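# Structural features, examined
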Amino acid sequence: MEIEEVAAAEQVVTPWEVSAPDGVIDYDKLVDRFGCQLIDAAIVDRIAHLTLCPPHRFLRRGIFFAHRDLNRILDLYEAGEKFYLYTGRGPSSESLHLGHLIPFMFTKYLQDAFKVPLVIQLTDDEKFLWKNLTIAECKRLARENAKDIIACGFDVERTFIFTDLNYVGGAFYENMLEVAKRVTYNNLRGILGITPEDHIGKVSFPPVQAAPSFPSSFPHLFPGNDQLRCLIPCAIDQDPYFRMTRDVAPKIGFQKPSLIESRFFPALQGESTKMSASDPNSAIYVTDSSKQIKAKVNKYAFSGGQASVELHRKLGANLDVDVPIKYLNFFLEDDDELDHIKKEYKEGRMLTGEVKQRLIAVLSELVARHQRARAQVTEEMVDAFMAVRPLPNMFG
Ligand code: TYM
């Protein structure tokens, strides 16, 4: 198995750390290093054509920018074969930040566009192993996070949400064992940077994240359909897990899962730091009030504008490092308005304060909408999504 170290000299991208010291992640380099492919305009057009849905702004704007074997999934879909979606969340904190919402918003679009089933893994076991949390707390967080995920609008007729601590066993566990038997300690060291001093829980976990890529892990959903293809939407930090999974898949008689991978939604301070639950000022959370959003954006969002108004009018803003523009790129739906703001700001006619004001409005609306949707999610709804049951109309 060929699994490379994922830490480049000047930027680090692992499932636990994402940072670029100069404030800009070099995604081309990352794609090169990881060995995935870029998503080009032809693929975006193809998805729109096949689904008869306008492409999501995350696709139009190259936010979901890389893939593995996406064309294979699309070829088969065109020929009438369906697939299933798999994504997940490690429930390490009470509230999600906006970055965590990105793959779920996108997965919701994919589910609606392709009309396919979806499995969502909540890795409460992973967070117990990596964080200083009790099992009971991880279980509680998984349920709370499930509410935020459900609030993204998933279709209960096509979606199965599970927590590892509840669901692992039976066919799922069999697949974990098949994976575990084919990954060496040296492979893992390369993928995840595990050292001999780490506890062995970290060595045992990766097969748990691999197993949902194989349909037989869900006998209640895909009985007798072991060759059903799987597509995994996630940010590129999860790629190491799935390089491992893809390497093992043919050895145990399964199809390799395909991936569709996004860039990172950056911290308010820019791409040189990570959004962190321990620093509430590094991120906007789905629980923030509009007052908090306003204060955080105004105070902490890193500006690519100039030091004085005079200089700014003369030189304009550096959009490559400007966080308000990066955030608008993710969340402002209107392409024309976004282009207009970028042009005016870059050429110095718009000031940072004005861009921030627009961003505050966009984020406040988004977060308020999420909060309203989440308030409607009941314990019964969580139970319904988590029930181990067949989904008879999942391809309908
Ligand atoms: P977790 O909880 O760290 O992250 C959940 C999902 O959010 C993505 N993500 C981001 N996307 C854009 N910008 C960001 N700043 C950002 N931060 C996180 C992650 O890539 C992920 O898709 N081990 C996983 C849980 C998991 C999983 C999966 C994720 C289990 N199976 C399958 C994706 C696909 C974890 O701890 O994710």
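The text that follows walks through the structure, step by step, so that each part is easy to find. Since this is a predicted model, take the numbers as computed values, not measurements. (Residues numbered from 1 in each chain as written. Predicted model: local features only at pLDDT ≥ 70, side-chain atom pairs only at ≥ 80, totals over all residues. Heavy atoms only, no water.)

## Quick look at the overall build of the protein
Selection rule: Only DSSP runs of H or I covering at least 4 residues are called helices, and only runs of E covering at least 2 are called strands; the numbering of each starts at the N terminus. All radius of gyration figures rest on C-alpha atoms, and the globule criterion is 2.2 Å times the number of residues raised to 0.38. In this scheme, a residue with accessible area under 20% of its type's maximum is buried, one over 50% is exposed, and one in between is partly exposed, where area comes from a 1.4 Å probe on protein chains only. We call two residues in contact whenever any of their non-hydrogen atoms come within 4.5 Å of each other. In this count, Lys and Arg are taken as positive residues and Asp and Glu as negative ones, while His and the chain termini are left out. Where a charge lies is defined by one atom per residue type: Lys uses NZ, Arg uses CZ, Asp uses CG and Glu uses CD.
If you tally the helices and strands in the protein, you get 19 helices and nine strands. What you see for the protein is a C-alpha radius of gyration of 21 Å, in line with the 21 Å of a compact globule of 396 residues. Taken along its principal axes, the extent of the C-alpha atoms in the protein is 65 × 50 × 45 Å. Taken across its 396 residues, the protein has 55% of its residues classed as buried. Contacts in the protein between residues at least 24 apart in sequence constitute 79% of all its contacts with a sequence separation of at least 6. Charge-centre separation for the protein: the mean point of 47 positive side chains lies 2 Å from the mean point of 54 negative side chains.

## Describing helix H14 (residues 290-300)
Keep this limit in mind: Arc definition: directions from the helix axis to the C-beta atoms.
The complete set of buried residues in H14 reads Ile-293, Lys-296 and Val-297. With its buried residues spanning 95° around the axis, H14 presents them on a single face. Away from its buried face, by an angle of more than 90 degrees, H14 presents the exposed residues Lys-291 and Lys-299. Among the structural elements, helix H18 (352-375) are those in contact with the buried residues of H14.

## Brief notes about a negative patch on the surface
Formally: Patches draw on residues past 30% relative accessible area with no salt bridge. Two like charges within 9 Å are joined, as are two nonpolar side chains (Val, Leu, Ile, Met, Phe, Trp, Tyr) within 5 Å. Areas reported here follow the Shrake-Rupley algorithm with a probe of radius 1.4 Å; residue values treat only the protein chains shown as occluding. Each reported salt bridge corresponds to a side-chain nitrogen of Lys or Arg within 4 Å of a carboxyl oxygen of Asp or Glu.
Residues Asp-22, Asp-26, Asp-28 and Asp-32 make up a contiguous surface patch of negative charge. Note on placement: Asp-26 falls in the loop between strand S2 (18-19) and helix H1 (27-34).

## Examining a nonpolar patch on the surface
Among the surface-exposed residues, Phe-128, Ile-135 and Leu-165 lie close enough to one another that they form a single nonpolar patch of about 230 Å² accessible area. Tracing the sequence through the fold places Phe-128 in helix H6 (residues 124-130). Relative accessible area serves as the criterion here: at 35%, Phe-128 is assigned to the partly exposed category.

## Some remarks on the pattern of salt bridges
For the coordinates displayed, the defined rule picks out 29 salt bridges. Of the charged contacts in the structure, one is a salt bridge between Asp-288 and Lys-296, with a shortest N-O distance of 2.8 Å. You'll find Asp-288 and Lys-296 in the same group, each marked buried. Note that Lys-343 is salt-bridged to Glu-347, the shortest N-O span being 3.8 Å. According to the relative accessible area criterion, Glu-347 is partly exposed, its value standing at 38%. Through salt bridges with shared partners, one network takes in Arg-143, Glu-144, Lys-147, Asp-148, Arg-374, Glu-379 and Asp-383.

Such coordinate-based values are descriptive only and should not be taken to indicate function.
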